[in-house]
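Residues per chain, in single letters:
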Amino acid sequence: MGSASSMLTQYDIEEVQEHCHNLFSQQEIVSLYQRFCQLDRNAKGFISADEFLSVPEFAMNPLSQRLLKMVDGLNFKDFVAFLSAFSSKATTEQKIALIFKVYDSDGNGKVSFNDILNVLRDLSGSFISDEQREQVLTQVLKEAGYTKECYLLLDDFIKVFGNSGLKMEVEVPVD
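Reading the values: the criteria
Residues numbered from 1 in each chain as written. Predicted model: local features only at pLDDT ≥ 70, side-chain atom pairs only at ≥ 80, totals over all residues. Heavy atoms only, no water. Helix = DSSP H or I, 4+ residues; strand = E, 2+ residues; numbered from the N terminus. Buried < 20%, exposed > 50% of the residue type's maximum accessible area, 1.4 Å probe, protein only. Areas by Shrake-Rupley, 256 points an atom, 1.4 Å probe, with all protein chains shown as cover. Phe/Tyr/Trp six-rings, centres within 6.5 Å; stacked < 30°, edge-to-face > 60°. Lys NZ or Arg CZ within 6 Å of the ring centre and 35° of its normal. Axes fitted to C-alpha atoms, helices over the stretch in contact; angles between N-to-C directions. Parallel < 35°, antiparallel > 145°, perpendicular 65-115°, else oblique. Contact = heavy atoms within 4.5 Å. Nonpolar A, V, L, I, M, F, W, Y, C, P; charged D, E, K, R; others polar.

In the annotation of an unreviewed UniProt entry, the protein is listed under the name EF-hand domain-containing protein and assigned to Linum tenue.

*Asks:* Give a description of the overall build of the protein that names residues and reports values.
*Replies:* A count of helical and extended segments in the protein gives ten helices and two strands. Counting from the amino terminus, the protein carries its helices and strands in the arrangement α-α-β-α-α-α-β-α-α-α-α-α. Here the protein holds 175 residues, and the buried ones make up 37% of them. On the protein, roughly 10,200 Å² of surface is accessible, and the fraction owed to carbon and sulfur atoms is 53%.

*Asks:* Account for the packing of aromatic side chains, naming residues and giving values.
*Replies:* Counted by the stated rule, this structure contains nine aromatic pairs. A centroid spacing of 5.4 Å and a plane angle of 55 degrees characterise the contact between phenylalanine 36 and phenylalanine 79, whose relative ring orientation is tilted. With phenylalanine 36 in helix α2 (residues 26-39) and phenylalanine 79 in helix α6 (residues 76-83), this residue pair connects regions lying 43 residues apart in the sequence. Given a relative accessible area of 5%, phenylalanine 79 falls into the buried group. Members of the aromatic cluster, connected to one another through ring pairs, are Tyr33, Phe36, Phe52, Phe58, Phe76 and Phe79. We note lysine 44 situated over the ring of phenylalanine 46; from NZ or CZ to the ring centre the distance is 5.1 Å.

*Asks:* If you had to explain the environment of phenylalanine 36 to someone new, which residues and values would you point to?
*Replies:* We classify phenylalanine 36 as buried; its relative accessible area is 1%. On a C-alpha basis, the gap between phenylalanine 36 and phenylalanine 46 in space is 8.4 Å, while along the polypeptide they are ten residues apart.

*Asks:* An account of the packing of helix α1 (residues 10-19) against α2 is requested, with residue identities and associated values reported.
*Replies:* Two numbers describe how α1 lies on α2: the axes approach to 10 Å, and their chain directions differ by 100 degrees. Of the possible angle classes, the one that applies to α1 and α2 is roughly perpendicular. For the pair α1 and α2, contact is made by Gln10, Ile13, Glu14, Val16 and Gln17 and by Gln26, Ile29 and Val30, respectively. Here the residues of the contact of α1 with α2 are counted per class, giving four nonpolar, three polar and one charged.

Rendered as structure tokens:
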């Protein structure tokens, strides 16, 4: 599994499956490996930020720069672990944990009012003024029992988003 040009053994597949909490079938892991090898153009065994940006859907995502910080340099095992949050079998908590990491851009384990505001700015662009974003966010936090001064931890995110019916699923094409 070290070189992207090598083939996956049954042991490798099972190891990756275990690493991603069995959220992908063995057939899906093989398909993901084929996609990983396509992205890893230089067969280095990991995918660079530039290689991720070659995926049009990724490059067009308004949060792509934040996501790049999370995915730059992932080897295959970690690539699958990252994608596991998008599996239909992933729990809501697993999905929320990924969202939390997107908001926690400095990786300090907490999300501030400004962290959320920056993500909202990335998502809404110039469609909403900074003042409108602040008003909306202040109201949403207030309704959830938080203030602008609060720092949200992962448990807070789970509390706020846990019953939201969050959908984050990507179908893995299996040949």
